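So the chains spell out like this:
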Protein chains: 2
Amino acid sequence: MRKLTIKEVAQEAGVSTATISRVLNNNGYVNEDVKKRVLQVIDELNYKPNAIARSLKQEKSRSIGIVLPDMTNPYFMRMARSIQSRCVAEGYHLLFVDTEESARKEEEAIHFLTEKRIESLILAGTGENLELIRSVSRSVHVVLVDRRLPALKLDTVAEDNAQASKTAIEALIANGHARIGVVKGPESISTACERLEGVLQGLAEAGRTLEPELAFGGDYSRESGIGAARHFMEMAEPPTAVFSLNNEMTFGLYLGLQQLGIPLDRLEVVSFGDLEFSSLFRHRLSVITQDPQLVGEEVADLVVKKLGMNGGAVQNRIILPGWSPYRKDTN
Amino acid sequence: MRKLTIKEVAQEAGVSTATISRVLNNNGYVNEDVKKRVLQVIDELNYKPNAIARSLKQEKSRSIGIVLPDMTNPYFMRMARSIQSRCVAEGYHLLFVDTEESARKEEEAIHFLTEKRIESLILAGTGENLELIRSVSRSVHVVLVDRRLPALKLDTVAEDNAQASKTAIEALIANGHARIGVVKGPESISTACERLEGVLQGLAEAGRTLEPELAFGGDYSRESGIGAARHFMEMAEPPTAVFSLNNEMTFGLYLGLQQLGIPLDRLEVVSFGDLEFSSLFRHRLSVITQDPQLVGEEVADLVVKKLGMNGGAVQNRIILPGWSPYRKDTN
DNA sequence: TTGTAAGCGTTATCAT
DNA sequence: ATGATAACGCTTACAA
């Protein structure tokens with residue numbers, strides 16, 4: 001079924017296309033009666049303006065790209081939902097791409113979005129594609145979210161990872177743990193680095209260091225959490241506490257313990273990032289809580305503002321994570 | 001920074017825009033040397049073709065709309081990821097909208113997507129907007145997913161909800177439960193109806209009926225699961241088993257028990273739809289497992305095929321859910 | 001093998 | 001207050 005165009009509506013209503021356009025966009029002068037008739041014809045014919053043609057003419061896509069590493073992760077999707085709701089209210093729409101932590105997919109995504117002429121790019125990146133991102137940032141407004149790219153001087157909304165991690169380590173030390181395992185993340189991702197930095201600081205201030213065997217190199221995936229469980233629990237002297245640098249790995253850690261037949265409360269655990277189930281079950285699990293909705297609101301705010309003002313100084317917004325220790329009286 | 005157009009590239013390369021276009025699209029004849037030079041110029045200038053203009057000219061948006069009720073729900077997002085991956089491979093991209101179960105947002109979304117000239121609409125609907133959807137389906141290929149719209153004769157990929165529910169009830173009956181509570185979903189959503197239907201069948205075949213007080217009217221939200229816990233546990237004679245018709249409500253059910261200070265294994269529970277944590281903790285919880293990835297693949301398959309063939313008979317694909325009973329030896 | 005030019009469906013400028 | 005018409009950036013007959 002061929003789509004109607006403005007021309008046919010004009011013909012049917014007995015006016016010019018210009019008038020239809022004016023009615024559609026509510027601008028310019030147009031007689032009330034004419035307007036009424038035009039609206040009626042539009043309704044009768046069930047005409048829908050072609051947003052593609054409009055975008056081309058106006059040289060405005062009214063679209064915003066958002067590139068995320070994992071769209072099955074509720075953290076990112078809560079963030080995305082809060083961004084989407086604000087952007088839609090402002091007349092923009094989001095083009096989502098899930099990179100599944102792949103630098104190649106990220107690169108493809110950015111090219112694709114550039115061709116779609118996005119007016120703004122929201123990126124929680126893999127840490128790669130630095131040159132590409134720099135180059136893109138010259139023609140479209142880029143906001144980094146969650147993960148920084150310190151090499152790049154771009155608007156950023158992120159959490160204070162180091163501080164929160166330091167607090168977590170201090171708590172574990174205060175609870176008397178001599179051997180604390182750490183499940184690290186990929187070195188290319190800023191949050192992983194900052195979280196590790198916080199760990200090292202916390203240990204240093206207690207006059208300690210991070211023994212290499214107590215630092216497991218994970219990659220933010222569930223599988224690497226399972227690997228960490230195996231690594232730690234097969235040691236001659238396993239740690240008594242573990243700090244997992246993201247929630248997926250925490251989940252994996254517990255899965256790993258279960259596979260090994262080890263009670264889940266054998267370890268005291270701190271997780272950077274909440275798990276859906278943690279409100280239900282707390283096996284000596286404390287959580288650094290994040291606020292994806294707030295992060296999303298800040299991002300949307302930044303985007304909408306910059307889109308309106310057309311530029312401005314680089315902004316850096318920092319969200320403070322929360323701390324939710326397990327309660328010893330429940331499980 | 002003004003964006004480059006094909007004209008400037010043509011000028012720089014000393015050829016016509018047509019030639020550039022031919023190089024870009026790899027069609028028509030073009031001299032190897034010329035091609036090489038053009039590609040070099042494109043690279044040097046960092047030219048990116050304008051996808052909006054291309055879409056307008058070709059009268060093809062190469063975009064597919066997908067309307068989901070909850071983009072923070074891993075079930076839908078796993079499905080979405082699997083659809084996206086296939087569609088991107090075929091040169092299409094997805095326009096996501098999250099309706100948050102709101103019929104009004106669904107309506108807005110469909111209008112918006114129509115204006116964007118999507119070539120296909122994938123919809124897990126609220127059950128409302130029937131006329132709108134019928135009307136849209138006359139100009140764009142619609143695939144319903146997860147939730148049917150029996151009034152509409154559209155391609156559908158859904159699960160066999162009734163059968164799976166019946167099996168679940170039979171299992172509970174076999175386990176000796178005399179009083180089985182059911183947490184229902186909204187009547188406007190087909191899955192909720194079909195699941196309830198299965199329950200009634202299962203009971204009927206055992207010569208039983210569903211007592212009104214044992215049927216709690218939920219709305220697929222976590223909150224309504226909490227409400228169900230309260231409702232059931234405050235009864236003079238609470239049920240000994242509960243069948244929750246979706247996963248969010250199951251989660252809420254447990255949260256409710258916890259709030260009431262009732263041990264989570266007081267009830268035997270069956271959940272339609274898995275919970276992230278169920279691989280870790282099983283408090284007498286059996287699960288009807290779904291396969292969002294498979295559902296997504298079927299959807300993508302249908303979409304890609306119909307897009308290629310331009311029509312064809314209405315298809316109905318049914319996915320069989322799995323059954324994962326709790327193991328009595330573990331928790 | 002390459003170039004010319006029409007046109008995709010709008011909006012916006014300029015007349016009237 | 002309304003209408004002609006020239007773009008927007010690309011693709012594609014058709015011509016050369």
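Along each chain, the written sequence defines residue order, and numbers are assigned to residues from 1. As they are written, the chains are lettered A onward and the ligands numbered 1 onward, keeping that order. Totals for whole chains, interfaces and linings use all residues, but because this is a predicted model, local features are given only for residues with pLDDT of at least 70 and pairs of side-chain atoms are given and counted only at 80 or more. Think of the side-chain values as coming from all heavy atoms in the structure, minus any hydrogens and water.

- Chain A appears in an unreviewed UniProt entry as LacI family transcriptional regulator from Paenibacillus contaminans.

### Focus: the overall build of chain A
So, step 1. In DSSP terms, a helix is any run of H or I states spanning at least four residues, a strand is any run of E spanning at least two, and both are numbered starting from the N terminus. Along chain A, the regular secondary structure elements total 12 helices and 12 strands.
So, step 2. Taking 2.2 N^0.38 as the reference for a compact globule, 331 residues should give roughly 20 Å; the C-alpha atoms of chain A span a radius of gyration of 26 Å, well beyond that estimate.
So, step 3. Across its three principal directions, the C-alpha atoms of chain A cover 85 × 40 × 30 Å.
So, step 4. We call two residues contacting when some pair of their heavy atoms lies within 4.5 Å. Once local pairs closer than 6 in sequence are excluded, the contacts in chain A between residues at least 24 apart make up 67%.
So, step 5. Where accessible areas are quoted, they stem from the Shrake-Rupley method and a 1.4 Å probe; at the residue level, only the protein chains shown are allowed to cover. Accessible surface for chain A amounts to roughly 14600 Å². Of this, 49% is attributable to carbon and sulfur atoms.
So, step 6. Under this rule, positive means Lys or Arg and negative means Asp or Glu; His and the chain ends count for nothing. By convention, charge coordinates are those of NZ in Lys, CZ in Arg, CG in Asp, or CD in Glu. Taking the average place of the 39 positive charges on the side chains of chain A and the average place of its 44 negative ones, the gap between the two points comes to 6 Å. We take the radius of gyration over the C-alpha atoms and set the globule estimate at 2.2 Å times the residue count to the 0.38 power.

### Description of the protein's contact with DNA strand D
So, step 1. Surrounding DNA strand D, one finds 29 residues, the nearest of these being Tyr29(A), Asn31(A), Ile6(B), Tyr47(B) and Arg54(B).
So, step 2. Backbone atoms, meaning sugar and phosphate, make up 64% of the atoms of DNA strand D lying within 4 Å of the protein.
So, step 3. Counting of polar contacts relies on pairs of N or O atoms within 3.5 Å, with two restrictions inside protein: one atom must be capable of donating a hydrogen and the other of accepting it, and residues adjacent in sequence are counted only when both atoms are side-chain atoms. Within the side chain of Thr19(A), a nitrogen or oxygen atom sits 2.8 Å from a phosphate oxygen of DNA strand D.
So, step 4. Taking Lys57(B), its side chain carries an N or O atom lying 3.2 Å from a base oxygen of DNA strand D.
So, step 5. Elements that contribute at least two residues to the surface near DNA strand D include exactly helix H2 (17-25) and helix H4 (51-58) of chain A together with helix H2 (17-25) and helix H4 (51-58) of chain B.
So, step 6. In terms of residue class, the surface near DNA strand D is made up of 11 nonpolar, 11 polar and 7 charged. One heavy atom suffices: a residue is near a molecule or strand as soon as one of its heavy atoms comes within 4 Å of it. All amino acids are sorted into three groups, where Ala, Val, Leu, Ile, Met, Phe, Trp, Tyr, Cys and Pro are nonpolar, Asp, Glu, Lys and Arg are charged, and the leftover types, Gly among them, are polar.

### As for empty space enclosed by the protein
So, step 1. Each cavity reported here is a set of points on a 1 Å grid over the protein atoms alone in which a 1.4 Å probe fits but cannot get out, each pocket an open set with protein on both sides within 12 Å along at least five of seven lines, and each lining residue one with an atom within 4 Å of a point. Grid points are joined across faces, edges and corners, and a volume is the space filled by probe spheres set on the points. Throughout the structure, instances matching the rule amount to 1 cavity of 30 Å³ or more.
So, step 2. Put simply, the largest cavity is a space of about 200 Å³.
So, step 3. Lining the largest cavity are 15 residues, with Ile52(A), His93(A), Lys116(A), Ile52(B) and Lys116(B) sitting closest to its centre.
So, step 4. Contributing elements (two or more residues each) for the lining of the largest cavity: H4 and strand E2 (93-98) of chain A together with H4 and strand E2 (93-98) of chain B.
So, step 5. When the residues that make up the lining of the largest cavity are grouped by side-chain class, the tally is 5 nonpolar, 8 polar and 2 charged.

### Notes on the UniProt feature "domain: HTH lacI-type" (unreviewed entry) in chain A
So, step 1. UniProt positions are given in the numbering used here, feature names are shortened, and annotations may be inferred rather than shown by experiment. UniProt records the feature "domain: HTH lacI-type" (unreviewed entry) for residues 4-58 of chain A in the present numbering.
So, step 2. Helix makes up 71% of residues 4-58 of chain A and strand 0%. Its end C-alpha atoms lie 20 Å apart.

### Quick notes on the relation of the copies chain A and chain B
So, step 1. Once chain A is rotated about the relating axis by 180° and shifted along it by 0.0 Å, it coincides with chain B to within an RMSD of 0.1 Å. Such a turn and shift between the copies fits a two-fold axis.
So, step 2. Mapped onto chain B, 100% of the interface residues of chain A are again interface residues, and the two copies thus contact each other with one and the same surface. Each copy is superposed on the other by least squares, with the fit set by C-alpha atoms of residues at a pLDDT of at least 70 in both.

### Some points on the domain arrangement of chain A
So, step 1. Taken as a whole, chain A is organised into domain 1 (6-49), domain 2 (63-159 + 292-319) and domain 3 (161-290 + 324-330).
So, step 2. In this structure, domain 1 of chain A and domain 2 of chain A have C-alpha centres spaced 37 Å apart. An automatic or database domain assignment provides the domain bounds reported here.

### Let's talk about the pairing of strand E8 (residues 241-244) of chain A
Residue and element names in this part refer to chain A.
So, step 1. When a residue's accessible area, from a 1.4 Å probe over protein chains only, is under 20% of the maximum for its type it is buried; when over 50% it is exposed; and in between it is partly exposed. A two-sided burial pattern is seen for E8, the buried positions comprising Ala241 and Phe243 on one face and Val242 and Ser244 on the other.
So, step 2. By the convention used here, strands pair only if DSSP detects at least 2 bridges between them. As paired elements, strand E6 (residues 180-184) and E8 share 4 bridges and run parallel to each other. In the sheet register, valine 183 faces E8, and the bridge partner there is serine 244.
So, step 3. With strands facing away from the observer, any crossover in which the path from the first strand over the helix to the second runs clockwise is taken as right-handed. Each parallel crossover has a hand, and for E8 linked through helix H11 (residues 247-260) to strand E9 (residues 268-272) it is right-handed.

### A short note on the interface of chain A and chain B
So, step 1. Contact residues are listed per partner, giving 50 residues for chain A and 50 residues for chain B.
So, step 2. Buried surface area refers to the total accessible area, computed with a probe of radius 1.4 Å, that the two partners give up upon joining, counted for both partners together. Of all residues in chain A, the largest losses of buried area upon contact with chain B belong to Arg81(A), Arg117(A) and Leu280(A), amounting jointly to 14% of the total for that side.
So, step 3. Salt bridge, as applied in this entry: a Lys or Arg side-chain nitrogen positioned within 4 Å of an Asp or Glu carboxyl oxygen. Summed over the shared surface of chain A and chain B, the number is 8 salt bridges.
So, step 4. The salt bridge involving Arg81(B) is made with Glu100(A); its shortest N-O contact spans 3.7 Å.
So, step 5. At the boundary of chain A with chain B, the tally comes to 16 residue pairs in polar contact (both at pLDDT 80 or more).
So, step 6. Counting residues per element, the ones that place at least two in the side of chain A that touches chain B are H4, helix H5 (74-89), E2, helix H6 (103-115) and H11 of chain A.
So, step 7. Its residues assigned to classes, the side of chain A that touches chain B shows 23 nonpolar, 14 polar and 13 charged.

### Comments concerning the sheet that holds strand E1 (residues 63-68) of chain B
All names here are of chain B.
So, step 1. Judged by pairing direction, the sheet is parallel, and its 6 strands sit side by side in the order E2-E1-E3-E4-E5-E11 without closing on themselves. Both outer strands of the open sheet, E2 and strand E11 (316-319), are each paired with one neighbouring strand and no more. Going across the sheet, the axis of each strand differs from the next one's by a mean of 15°, ignoring polarity.
So, step 2. Note that strand E5 (residues 155-159) and E11 share 4 bridges and pair parallel. Following the sheet pairing, alanine 158 is matched in E11 by isoleucine 318.
So, step 3. Contacts from helix H12 (residues 292-309) reach E1, strand E3 (120-123), strand E4 (141-145), E5 and E11, with the element oriented near 170° to E4. Every angle, taken between N-to-C directions, lies between 0 and 180 degrees, and every axis is a line fitted to C-alpha atoms, over only the stretch in contact when it is a helix.

### Overview of the nonpolar core
So, step 1. The term nonpolar core refers to a set of buried residues drawn from Ala, Val, Leu, Ile, Met, Phe, Trp, Tyr and Cys, joined through side-chain atoms within 4.5 Å. Core analysis: the largest hydrophobic core is formed by 92 residues, its most contacted members being Phe232(A), Phe243(A), Phe277(A), Phe232(B), Phe243(B) and Phe277(B).
So, step 2. Setting aside chain neighbours within four positions, we find Phe277(B) in contact with Phe251(A), Phe277(A), Leu280(A), Phe281(A) and Phe251(B).
So, step 3. Membership of the second largest hydrophobic core comes to 50 residues, among which are Met71(A), Met77(A), Phe76(B) and Cys87(B).

### Here's the deal with the environment of Ser55(A)
So, step 1. Note that Ser55(A) resides in helix H4.
So, step 2. In the structure, Ser55(A) is positioned 62 residues away from Arg117(A) in sequence and 9.7 Å away in space, judged by C-alpha atoms.
So, step 3. Excluding residues within four positions of it along the chain, Ser55(A) makes contact with Lys60(A), Ser61(A), Ile52(B) and Lys116(B).
So, step 4. A polar atom in the side chain of Ser55(A) sits 3.1 Å from the backbone oxygen of Lys60(A).

### Comments concerning the sheet that holds E8(A)
Pairing between the strands of a sheet comes from backbone hydrogen bonds, and it takes one of two forms, parallel or antiparallel.
Residues and elements named next belong to chain A.
So, step 1. Read from one edge to the other, the open sheet built from 6 strands follows the order E7-E6-E8-E9-E10-E12, with strand pairing classed as mixed. Here the strands that pair on one side only, and so sit at the sheet edges, are strand E7 (215-217) and strand E12 (322-324). Here the strands of the sheet are splayed against their neighbours by 15° on average, with no regard to which way each runs.
So, step 2. As judged from the 3 bridges shared by strand E10 (residues 285-289) and E12, these two strands associate in the antiparallel manner. Each bridged residue has a counterpart across the sheet, and for threonine 289 the counterpart in E12 is glycine 322.

### Thoughts on the side chain of Lys116(B)
So, step 1. In this structure, Lys116(B) sits in the loop between helix H6 (103-115) and E3.
So, step 2. Here Lys116(B) is buried and forms no salt bridge, its nearest opposite-charge partner Glu115(B) lying at an N-O distance of 8.3 Å.
So, step 3. The residues contacting Lys116(B), other than those within four sequence positions of it, are Ala51(A), Ile52(A), Ser55(A), Ser61(A), His93(A), Ser61(B), Ser63(B) and Leu95(B).

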